[in-house]
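Residues per chain, in single letters:
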Amino acid sequence: ELSDIESLHRRALAGELEVTAVSLHAYPYLADRYALLAHGASIGDRYGPRIVSREPVPSDPRRALRDRLVAIPGEMTTAFLALRLYQPATRHVVVPFDQIEDFVAAGNADAGLLIHEGQLTYADRGLHLWADMGEWWYQETRMPLPLGGNVVRRDLGEELMRAIARDLKASIEYGLAHRAEALRHAQSYSRGLDAERTDRFVGMYVNAYTVDYGPVGRHAVGELLTRAHQAGIIPAPVDLAFVSADS
């Protein structure tokens, strides 16, 4: 079932969904009811959500963003979490993710925080890249930036959760092994991207970390949520538990 991430968050908070994608920023609010699946993550290795503006990039983008109005795709997105870690003194307005480029280009916000295909198309609207959250995070931590993952409801029980993990991992591995077929399917959801950009975008976020977080990916999730708690962005530490096909 295809749905936008903010709708999925609301449904997961209500416990409606048995398995769903979520932003890792939302996971602390779901951890009592859901466990993280070890498979299906979106992790950017030195790239991620991008801050763009009509203005040319300043010498110190981080400082220039103080008190600026930034269009964001949602308050529970990991992109917004990264922005708050990068520069907590911004103001923000929530705009549907696929409208942010036009919103900024029209002068309705000083900058925009882009996720999904906007990371590849902002220059088409004359916008300038101020900062890439994935590159900034790498410079801070020497780790990739975990953005989204899949969760499974704990009340399904250990045996069924592991079976779901096995099927999910097998599905991802099949897609990677049949890339051309998978890209043809993905193209129908590409919101206007041509085949070359669809291929590039899929390659950014469907990778070895998607098959399994692995030790590096798991550590990166822990580091991100620890820093979020230390910064007062999330209310409590998170006890991370990953359900794996191999466990």
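Please refer to the structure placed before this passage.
Residues numbered from 1 in each chain as written. Predicted model: local features only at pLDDT ≥ 70, side-chain atom pairs only at ≥ 80, totals over all residues. Heavy atoms only, no water.

Enquirer: Just give me the short version of the packing of aromatic side chains, but keep the residues and values in it.
Expert: With the rule as written, the count across this model stands at three aromatic pairs. Both rings, one in Tyr86 and one in Trp136, keep their centres 5.5 Å apart while their planes meet at 80 degrees; by these two values the pair is edge-to-face. Pair noted here: Tyr86 is in helix α3 (residues 78-86) and Trp136 is in helix α6 (residues 133-141), with a separation of 50 residues, a long-range link. In terms of burial, Tyr86 and Trp136 fall into one category: buried. Centre to centre, the rings of Tyr213 and Phe242 are 5.0 Å apart; their planes meet at 65 degrees, and the pair counts as edge-to-face. Taken together, the positions of Tyr213 in the loop between α10 (208-211) and α11 (214-230) and Phe242 in strand β10 (residues 242-243) put the pair 29 residues apart, joining distant regions of the chain. (Phe/Tyr/Trp six-rings, centres within 6.5 Å; stacked < 30°, edge-to-face > 60°. Helix = DSSP H or I, 4+ residues; strand = E, 2+ residues; numbered from the N terminus. Buried < 20%, exposed > 50% of the residue type's maximum accessible area, 1.4 Å probe, protein only.)

Enquirer: Tell me about the sheet that holds strand β5 (residues 69-72), and please be specific about residues and values.
Expert: If you walk across this open sheet you meet the five strands as β6-β5-β7-β4-β8, and the pairing is mixed. A single partner strand is all that each edge strand has here, and the edge strands are β6 (91-94) and β8 (128-132). Averaged over all neighbouring strand pairs, the angle between strand axes comes to 30 degrees, with direction disregarded. Where strand β4 (residues 50-53) lies against strand β7 (residues 111-114), three bridges are found, and the strand directions are antiparallel. Residue pairing in the sheet places Val52 in a bridge with Gly112 of β7. Across the sheet, α6 lies against β4, β7 and β8, angled at about 35 degrees from β8, the strand it touches most. (Pairing = 2+ DSSP bridges. Axes fitted to C-alpha atoms, helices over the stretch in contact; angles between N-to-C directions. Contact = heavy atoms within 4.5 Å.)

Enquirer: Explain the packing of α6 against α11 to me, using residue names and the numbers behind them.
Expert: The description of two packed helices rests on the angle between their axes and on the distance between the axes. Contact geometry for α6 and α11: axes closest at 13 Å, N-to-C directions at 90 degrees. If you check the angle between α6 and α11, you find them roughly perpendicular. Residue-level contacts link Trp137, Glu140 and Thr141 of α6 to Ala220, Glu223, Leu224 and Arg227 of α11. Residue classes in the contact of α6 with α11 are distributed as three nonpolar, one polar and three charged. (Parallel < 35°, antiparallel > 145°, perpendicular 65-115°, else oblique. Nonpolar A, V, L, I, M, F, W, Y, C, P; charged D, E, K, R; others polar.)

Enquirer: Hey, could you go over the side chain of Arg11 for me, with residue numbers and the actual values?
Expert: Summarising the element assignment, Arg11 is placed in helix α1 (residues 5-13). Separated by 2.8 Å, the side chains of Arg11 and Glu16 make a polar contact. (Polar contact = N/O pair within 3.5 Å; in protein donor to acceptor, adjacent residues only side chain to side chain.)

Enquirer: Describe the environment of Ala236, and please don't skip the residues or the numbers.
Expert: Here Ala236 shows up in the loop between α11 and β10. By relative accessible area, Ala236 is classed as partly exposed at 36%. Through-space distance from the C-alpha of Ala236 to that of Ala195 is 43 Å; in sequence the pair is 41 residues apart.

Enquirer: Explain α6 residue by residue, including any values.
Expert: All of the buried residues in α6 are Met133, Gly134, Trp136, Trp137, Tyr138 and Thr141. A distance of 2.8 Å separates the backbone nitrogen of Gly134 from a side-chain oxygen at the start of α6, and that oxygen is part of Asp132. Downstream of α6 by a residue or two, Arg142 has a phi angle that is positive, lying close to 60 degrees.

Enquirer: Hey, could you go over the nonpolar core for me, with residue numbers and the actual values?
Expert: Judged by nonpolar contacts, the single largest core of 46 residues is most densely connected at Ile51, Leu113 and Met133. If sequence neighbours within four positions are ignored, Leu113 has contacts with Pro49, Arg50, Ile51, Val70, Ala71, Ile72, Pro73, Ala79, Phe80, Leu83, Ile100 and Met133. (Core = buried A, V, L, I, M, F, W, Y, C linked by side-chain atoms within 4.5 Å.)

Enquirer: Give a detailed account of the environment of Pro237, specifying residues and quantitative values.
Expert: Looking at the secondary structure, you find Pro237 in the loop between α11 and β10. Pro237 sits in the exposed class, given a relative accessible area of 64%.

Enquirer: Got a sec to walk through α1? Specific residues and values, please.
Expert: Those residues of α1 that sit buried are Ser7, Leu8, His9, Arg11 and Ala12. Residues of α1 that are buried make contact with β1 (19-23) and β2 (34-37). At the N-terminal end of α1, a side-chain oxygen is found 3.3 Å from the backbone nitrogen of Glu6, two or three residues along, and the residue is Asp4. At the exit of α1 stands Gly15, carrying a positive phi of roughly 75 degrees.

Enquirer: Which residues make up the pattern of salt bridges, and what are the values?
Expert: Going through the model one piece at a time under the given rule, you end up with 13 salt bridges. Taking the shortest distance from any N to any O, the salt bridge between Arg50 and Asp132 comes out at 3.0 Å. Taken together, the positions of Arg50 in strand β4 and Asp132 in strand β8 put the pair 82 residues apart, joining distant regions of the chain. By the burial criterion, Arg50 is buried, and Asp132 matches it. The salt bridge partner of Glu223 is Arg227, with a shortest N-O separation of 2.7 Å. Placement of both Glu223 and Arg227 in helix α11 is noted, with a separation of four residues, approximately one turn of the helix. Exposure remark for Glu223: the relative accessible area of 22% places this residue in the partly exposed category. Judged by its relative accessible area of 25%, Arg227 is partly exposed. Linked by salt bridges that have partners in common, Glu1, Arg11 and Glu16 make up one network. (Salt bridge = Lys/Arg side-chain N within 4 Å of Asp/Glu carboxyl O.)

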